[in-house]
Structures are given as structure tokens and as C-alpha cells.
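# Summary of the model geometry
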Amino acid sequence: MSEVALKTPTETQSGNLLDVQEIRAQFPILGEIVHENTLAYLDNGASSQKPIAVTETLERYYATQHANVHRGVHELSDRATEAYESARKTACKFVNANRTEEIIFVRGTTEGLNLVAESYGRWKLQPGDEILVSEMEHHSNIVPWQLIAERTGSIVRMIPMNDNGEIIQEDYLNLLNDKTQIVAITYVANSLGTVNPIKEMVRMAHDAGAVVVVDAAQAAPHISIDVVDLDCDFLALSGHKMYAPTGIGILYGKGELLEAMPPYQGGGEMIRRVSFEGSTYADIPHRFEAGTPNIADAVGFGAACQFMWDIGIDEIATHEKELLDYVHKCADRYEDIRIYGNAKHKAGVFAFTLDKVHAHDLGTVLDRQGVAIRVGHHCAMPVMKHFNVAATARASFAVYNTYDEIDRMFEAINFARELFG
Ligand code: PLP
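For every chain, the first residue of its written sequence is number 1, and the numbers climb from 1 along that sequence. Local features are withheld for residues below a pLDDT of 70 in this predicted model, meaning they are given only at 70 or higher, and side-chain atom pairs are given and counted only at 80 or more; totals for whole chains, interfaces and linings count all residues. To obtain the side-chain values, all non-hydrogen atoms of the structure were used and water was disregarded.

## What about the overall build of the protein chain?
Heads up, the rule is: What counts as a helix is a DSSP run of H or I of at least four residues, what counts as a strand is a run of E of at least two, and both are numbered from the N terminus. Two things to know: the radius of gyration comes from C-alpha atoms, and the globule rule equals 2.2 Å times the number of residues to the power 0.38. Per-residue accessibility, obtained with a 1.4 Å probe over protein chains only, is compared with the maximum for each type, and a residue is labelled buried under 20%, exposed over 50%, and partly exposed between these values. Residue contacts follow a heavy-atom distance rule, with two residues in contact if any of their heavy atoms lie within 4.5 Å. Only four residue types enter the charge count: Lys and Arg as positive, Asp and Glu as negative, with His and the chain ends excluded. Where a charge lies is defined by one atom per residue type, namely NZ (Lys), CZ (Arg), CG (Asp) and CD (Glu).
Helix and strand content of the protein chain: 14 helices and 17 strands. Whereas a compact globule of 421 residues would reach a radius of gyration of roughly 22 Å, the protein chain reaches 22 Å, a difference of no more than 12%. Projected onto the principal axes, the alpha-carbon positions of the protein chain cover approximately 75 × 55 × 35 Å. Looking at the 421 residues of the protein chain, the share that counts as buried comes to 57%. Long-range pairs, those at least 24 residues apart, make up 72% of the contacts in the protein chain with a sequence separation of at least 6. Charge-centre separation for the protein chain: the mean point of 36 positive side chains lies 3 Å from the mean point of 58 negative side chains.

## A look at the packing of aromatic side chains
For clarity, the threshold we go by: Here the aromatic set is Phe, Tyr and Trp, taking the six-membered ring for Trp, and pairing holds for ring centres within 6.5 Å; pairs whose planes are under 30 degrees apart are stacked, those over 60 apart are edge-to-face, and all others are tilted. For a ring to carry a charge above it, either NZ of a lysine or CZ of an arginine must fall within 6 Å of the ring centroid while also lying within 35 degrees of the normal to the ring plane.
Across all of its chains, the model carries 16 aromatic pairs by this definition. Three or more aromatic residues joined by ring pairs form one cluster here, namely Tyr84, Phe94, Phe105, Phe301 and Trp309. Sitting over the ring of Trp309, Lys93 keeps its end group 4.4 Å from the ring centre. Lying across the ring of Trp123, Lys124 places its NZ or CZ 4.7 Å from the centre.

## Things to note about the sheet that holds strand β17 (residues 392–396)
Whenever strands of a sheet pair, they do so through backbone hydrogen bonds, lying parallel or antiparallel. What counts, and what does not: At least two bridges found by DSSP between two strands are what make those strands a pair. Only the contacting stretch of a helix is used when fitting its axis, a line to C-alpha atoms as for every element, and angles between N-to-C directions run 0 to 180 degrees.
Taken together, four strands build an open sheet; the order of strands is β13-β14-β17-β16 and the sheet is antiparallel. Edge strands, defined here as strands with exactly one partner in the open sheet, are β13 (337–340) and β16 (374–376). Sheet twist, expressed as the mean angle between neighbouring strand axes with direction ignored, is 30°. Sitting on the sheet, helix α12 (residues 359–368) touches β14 (349–354), β16 and β17, and the angle it makes with β16 is about 160°. Across the sheet, helix α14 (residues 403–420) lies against β13, β14 and β17, angled at about 15° from β14, the strand it touches most.

## Observations concerning the site of the ligand
As a reminder of what qualifies: Residues are counted as near a molecule or strand when any one of their heavy atoms sits within 4 Å of it. Polar contacts, as counted here, are pairs of nitrogen or oxygen atoms within 3.5 Å of one another; within protein the pair requires one atom able to donate a hydrogen and one able to accept it, and residues that are adjacent in sequence qualify only if both atoms are side-chain atoms. Under the convention used here, a 1.4 Å probe and the Shrake-Rupley method define accessible areas, while residue burial counts only the protein chains that appear.
Residues in contact with the ligand, as listed here, are Thr109, Thr110, His138, Ser140, Thr186, Asn190, Asp215, Ala217, Gln218, Ser238, His240 and Lys241. In the model, an oxygen atom of the ligand is placed 2.7 Å from a nitrogen or oxygen of the Gln218 side chain. A distance of 2.5 Å is found between an oxygen atom of the ligand and a side-chain nitrogen or oxygen belonging to Lys241. Protein contacts shield 85% of the accessible area of the ligand, which totals 390 Å² for the unbound molecule.

## A look at the side chain of Ser154
Here Ser154 shows up in the loop between α5 (143–152) and β6 (155–159). Looking at Ser154, the relative accessible area reads 9%, which means it is buried. In this structure the side chain of Ser154 is engaged in a polar contact, spanning 2.7 Å, whose partner is the side chain of Thr152.

## Description of the pairing of strand β7 (residues 180–186)
Of all the seven residues making up β7, seven are buried; the element is thus mostly covered by neighbouring parts of the structure. Pairing geometry for strand β5 (residues 130–134) and β7, over four bridges, is parallel. Bridge pairing links Val133 to Ala184 in β7. Alignment of β7 against strand β8 (residues 211–215), held across five bridges, turns out to be parallel. Residue pairing across strands places Ile182 opposite Val211, the latter belonging to β8.

## So, unusual backbone geometry
That bond from Ile284 to Pro285 is cis: its omega, 0°, falls within 30 degrees of zero. As for its position among the elements, Pro285 is in the loop between β12 (278–281) and α10 (295–311). Look at Glu269: it is not a glycine, yet its phi comes out positive at around 80°. Residue position: Glu269 is located in the loop between α9 (255–260) and β11 (271–275). Overall, Glu269 belongs to the buried group, its relative accessible area being 18%. For His378, which is not glycine, the phi torsion reads 55° and is therefore positive. Relative to the assigned elements, His378 resides in the loop between β16 and α13 (381–387). His378 gets classed as buried once you look at its relative accessible area, which sits at 4%.

## A word on the confidence of the model for the protein chain
Under the convention used in this document: A residue's pLDDT is simply how confident the predictor is in it, with values from 0 to 100.
For the protein chain, per-residue confidence averages 95 on the pLDDT scale, and 96% of positions sit at 70 or higher. Here residues 1–14 is a poorly scored stretch, pLDDT under 50, and it has 24 contacts once near neighbours within four places are set aside; other chains count.

Written as C-alpha cells, this is what we have:
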């Protein structure tokens, strides 16, 4: 260990009024014992833990409000519909959309992106059209575009990144041309932590006549999202990464685009009239919500937005930035730690490898010490290819993480170093 002074957990709050211990108390799971150690949960990029405010909302919903929505004439159906539609209003506010109809509840980012590819893509793309996708995308913002490209004869082109993990803006500009129909980019890269200049990239795409689809899966937990300010055409996010239940997320789309788009899936809820001569479809957002929706988890999503607002999204971001600065400072002490993702603008993701220890072995050793991180390709194989690695280890932060947990991660890394060194 070098002499670099490590901050103590109490110093975490210097200049930042967040009471992390009080926040931690709202997450019972953080007290779990894992392999005889208290859990240090640093795998929030994969999925965050859930506060009592969210789990109690789910319990209350099932205990007092549940029935199917939009259909019943009875009291419980009214209550469920009211709770579900009120969650949509909350989600609308969360991304600062203009109209609640611009919010479609989906299973998560993956479904949101597939919806845009299948519906907008199938409608718009012609042979020879181009879809630009950045090198740092999660597979869920690559594969749906490849699938629709195959079916429409359009072409997926990669926007390259540099070795710091930043999109090369000159290359992006050069790739944009009058064949570009769609630009699909992540707000925050899950494998590197890069925060992309979305607003600027949207402006450039619009100048070229393309629409922009933003993957906000890793942005939503850390950044105040404002779709009006970004002027993006579509934006998808997952609830489970931002303290909400699994199986729920939202797709935002500009009203005039959604209104013109064909349905994604057929079934109940999304129709106006059905006959064997042909069917007509409901208005947005219901046109894109076929079948019984995930009512309870949408309501839980609303509670998660409120949880984040109660703390303050800027306060959450500040705390995570402090943790990120700290983890980088700690890592600088070791010559055998290689960091992936050194963008100027980064969110709370620390991806690294340790010389002589495979990422999977490292993950296993850390787990035995109670420290949960993610190891592997992070569903971003092109990023692994760029850096010529098969896998990296990744710690990713949430509002409840502490300096102490980072110290524990480095202690466990030391242990792995001794074990394999
Ligand atoms: N996009 C990014 C950047 C992600 O990190 C993830 C999940 O890790 C996804 C998309 C897919 O999200 P989900 O599995 O919740 O649909």
C-alpha cells in the first residue's frame, strides 16, 4: 500500500449534504451477509437494489389497488388504472417530456430499442439507407438494428471511439450523409462510463436529416434527463437500474413520430376496432402497449422516480462522481491495474483489468470477500475487441455506495494479487 491518503466514509459527505447512512438504511438488502462478509454491492450498472419506498409501493398496490387496467367498470379497476396512468405522468416528468402520451411502458431498454427498430425502422428504412451505431453500444443497441437492416436492406455503420472511450466526433460528422436515417447512441456507456455529448450529436444528426435514438439505460440512474433539451427523437431506459422493479422501463418518442408509426405488437389494449375485414389501432401510447401491461412495476417505477427526486438527482450524481474520483485515485497506486474508459465526462463506472489475474477469477475472489462486481464482456463485445481484451472487471456505483466499500474492493484485489501473483 502506498501512502496516498484514503478518505474515510465520513469525509464522503464533504461539500455534499447526502446522508449516505440514512439512505443505506432504506435498502435492507445492503445488510445481507455474503460468504461471512457484509455485502458491498458494486454491481449497480447491471441492476440496482430497491429501497423500501419501492417495495412498499408494490405491496400496497397488490394489497389495495390491483385489477386489470382500462377495462373494468369496477372500483379496483379504476384504482389500478389511476395508479398506472399516474405512473406514466411521473415518468413523463422524469424525462421532461411534453405529453404523457409520448411515454410508452416497456419491459426495459432492450424492448424500447427493439420497438423503435421494428416499428419506426420497418416503416422508414429503404435498401441502401444507413443506421449509425457507436462502437461503445450495449448489444441491445446494436443487434435490433442489425436485424432490421437485414430485413430492409439497409446498412449498419459503426461510429468509432478513441482509446479513452470517447466517440470520435469528426468521424461521426463524416459518416453522416443523406442516406443516414437513424443514429443510435448511448447516453452513458455501460462498459466504460463515458457520458456522450448527446445534445450536440442530436443536432448534427438532425442537420443531416436523421432521427436519433438514445439508449439512456445507464444515464437514468445518474443524470437528470431532459428529452426536450436534448431534442432526441426516441429515448429508452430501464427501471431496474434506477431503483425501480425489474421488468419495467419506458420508451419516450416524439408524439408526431409515434403517431405515424405502425404498431409493434398486436393484441388487446392496442386496438380501436377489430374485424376480419381489418383492424384499426388505438391512439398513442396504447397503440404500443399490447396486452395487459406490467401495472404493478409501472407503479413501482413511479415510486423509484420519487425516491430519486427526494434525494435529488444532482446530489446523487455528485456523490457518485466523488466515488468515481476516489476509485481512480486508489487505482493510480497500482501499476498492474489497467483502466478502460478515461473519457473526460464519465459516470460512476470503473472498468479495469488486473495483470496476471483473469477478470473472472478476480470476480470470484471478490465475491468470497462479499464484494459484488461485474466481470465479463458487459454485453459490449465491440468494446472488448477495441481494447483487445476478452473481459474486464467493472465496479459501478449507486447513491448508497461508500468509500469504505471501495476500500474493501481494493483489499480484495490485493488478496487476489497475492493468490495469483
Ligand atoms: N443499454 C445499456 C447501456 C445497458 O447497460 C443495458 C443493460 O445493462 C441495456 C441497454 C439493456 O437493458 P435491459 O437489459 O434492462 O433491457
